[in-house]
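# Tertiary structure, described
Single-letter residue listing:
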Amino acid sequence: MTLPPGQRAVDGFPRFGTHLHHPPPPVPADPVIEMVGPLTEDLTLSVADLAKLQRQELRADFHCVAGWSATGLLWEGVTFGAVYRTQVEPLLKADTSISHVVFEGLDGHRSIVWLEDALADDVLIADRLDGRPLDSDHGAPVRLVSPSQYGFVSTKHLCRVEFHTSAPPVPDRWSLIAAHPRARVRQEERHRRLAGRVVRPVYRALIGPIRALSARGSRTGAG
Ligand SMILES: Nc1nc2c(c(=O)[nH]1)N[C@H]1C(S)=C(S)[C@@H](COP(=O)(O)O)O[C@H]1N2
Ligand SMILES: [Mo]
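Residues numbered from 1 in each chain as written. Chains lettered and ligands numbered in written order. Predicted model: local features only at pLDDT ≥ 70, side-chain atom pairs only at ≥ 80, totals over all residues. Heavy atoms only, no water.

### As for the site of ligand 1
Selection criterion: Residues are labelled near a given molecule or strand when at least one of their non-hydrogen atoms is within 4 Å of it. Identification of polar contacts relies on pairs of N or O atoms within 3.5 Å, with a donor-acceptor requirement for protein atoms, meaning one able to donate a hydrogen and the other able to accept it, and with residues adjacent in sequence counted only if both atoms are side-chain atoms. In short, Shrake-Rupley with a 1.4 Å probe defines the accessible areas, and a residue's cover is counted only from the protein chains shown. The residue classification treats Ala, Val, Leu, Ile, Met, Phe, Trp, Tyr, Cys and Pro as nonpolar and Asp, Glu, Lys and Arg as charged. All others, Gly included, are polar.
Near ligand 1, the surroundings consist of 20 residues, among which Pro 14, Asp 107, His 138, Arg 143 and Lys 156 are the closest. Side-chain polar atom of Asp 107 to a nitrogen atom of ligand 1: 2.7 Å apart, as the coordinates give it. A distance of 2.6 Å is found between an oxygen atom of ligand 1 and a side-chain nitrogen or oxygen belonging to His 138. Compared with its free state, where it exposes 530 Å², ligand 1 has 97% of that area covered by protein. Of the residues assigned to the shell around ligand 1, the class counts are seven nonpolar, eight polar and five charged.

Shown next as C-alpha cells:
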C-alpha cells in the first residue's frame, strides 16, 4: 500500500498535533454540537441524538501535515453530509449559499473547510475508533474525521460548527506554515505559502521528539 507523497507510516496512532502540552478537555455530561450560521432557528444537536442518525463505518489512513501517517484506522459515526442535508440545509435562510464550514473543538482548535470538501463521502463525525468509544486522546466525545485532508482539518472534541457564505478570516494567514485552505493529502497541500515538499525535511526531524512527547501513543496501550 502506498502512502501519499511525503508521508511515513508510524506504529499505532499517537495523540498528535500542536496541543500536546495541554491535557485533553474534559467531556461534558451531556455534550452537544452547536450549529451556527444563517439559519431560521437555533440548532443544537446532542451527541446522543447524533448517534441515532444513519451510521457509517470508514476504514482509512490518517495523515498529519508533519508527515506521519497512522494506517488502517476504523472509524464509526455519521457522515457530515448526512448531518448537513438532514439537519442544517432545511433550516438555511432563503437565498443563502454556504461556501465554508468552521469546525471548533472544546479546546478552541478550529478548522476551516470548503463546504464541498466537508460534504465528501469520507468525512465523518465520529464517535468510535477501532471498535471502542472515542477516548479523550483522540477527540472524545466526537470528532471530525476527513482522511483525505491533513490531520489539522479533523477537529477533535467537536462542539461547534459554523456555516459561512464567504471565506472566514484565516488566523496566521501570513505565517509560512498557515494551513492550506483545502489541505488535500494526495495533492500535498500542506501550507498556504510553502510547497509541501519544502517542509518535509523539517517535519521529519521533529517527528521523533514529538512522538516521544505523546506518552500514550500505542493503539494497544493504556488509553
Ligand atoms: N480539538 C483539536 N483537534 C485537533 C487538534 C487539536 O490540537 N485540537 N490537532 C489536529 C492535528 S494537527 C492532528 S494531526 C490531529 C491528531 O489527531 P490525534 O491526536 O487523534 O492523533 O488532530 C487534529 N485535531
Ligand atoms: Mo497534525
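### Points about the pattern of salt bridges
Note the cut-off: Counted as salt bridges are all cases of a side-chain nitrogen of Lys or Arg within 4 Å of a carboxyl oxygen of Asp or Glu. Put simply, DSSP marks the helices as runs of H or I at least four residues long and the strands as runs of E at least two long, and each gets a number from the N terminus on. Any residue under 20% of the maximum accessible area for its type is buried, any over 50% is exposed, and the rest in between are partly exposed; the area is computed with a 1.4 Å probe on protein chains only.
Summed over all chains, the structure comprises 13 salt bridges. Arg 110 is the salt-bridge partner of Glu 162, the closest N and O atoms lying 2.9 Å from each other. Here Glu 162, found in strand β11 (residues 158-164), pairs with Arg 110, found in strand β7 (residues 110-114); they are 52 residues apart in sequence, far enough to count as distant. A salt bridge links Glu 162 to Arg 160, with the nearest nitrogen and oxygen atoms 3.2 Å apart. Residue Glu 162 is classed as buried on the basis of its relative accessible area of 9%. Overall, Arg 160 belongs to the partly exposed group, its relative accessible area being 23%. What you see here is one network of salt bridges that share partners, running through Glu 34, Glu 104, Arg 110, Arg 160 and Glu 162.

### What about the layout of surface pockets?
This is how the line gets drawn: With a 1 Å grid laid over protein atoms only, a set of points is called a cavity when a 1.4 Å probe fits there but cannot get out and a pocket when it is open yet has protein on both sides within 12 Å along at least five of seven lines; lining residues have an atom within 4 Å of a point. Grid points are joined across faces, edges and corners, and a volume is the space filled by probe spheres set on the points.
Taken as a whole, the second largest pocket spans an internal volume of roughly 230 Å³. The wall of the second largest pocket is formed by 19 residues, among which Pro 147, Ser 148, Gln 149, Val 185 and Arg 186 lie closest to the centre. Top contributing element to the lining of the second largest pocket by residue count: strand β4 (residues 56-63), with three residues. Looking at side-chain class alone, the lining of the second largest pocket contains eight nonpolar, six polar and five charged residues.

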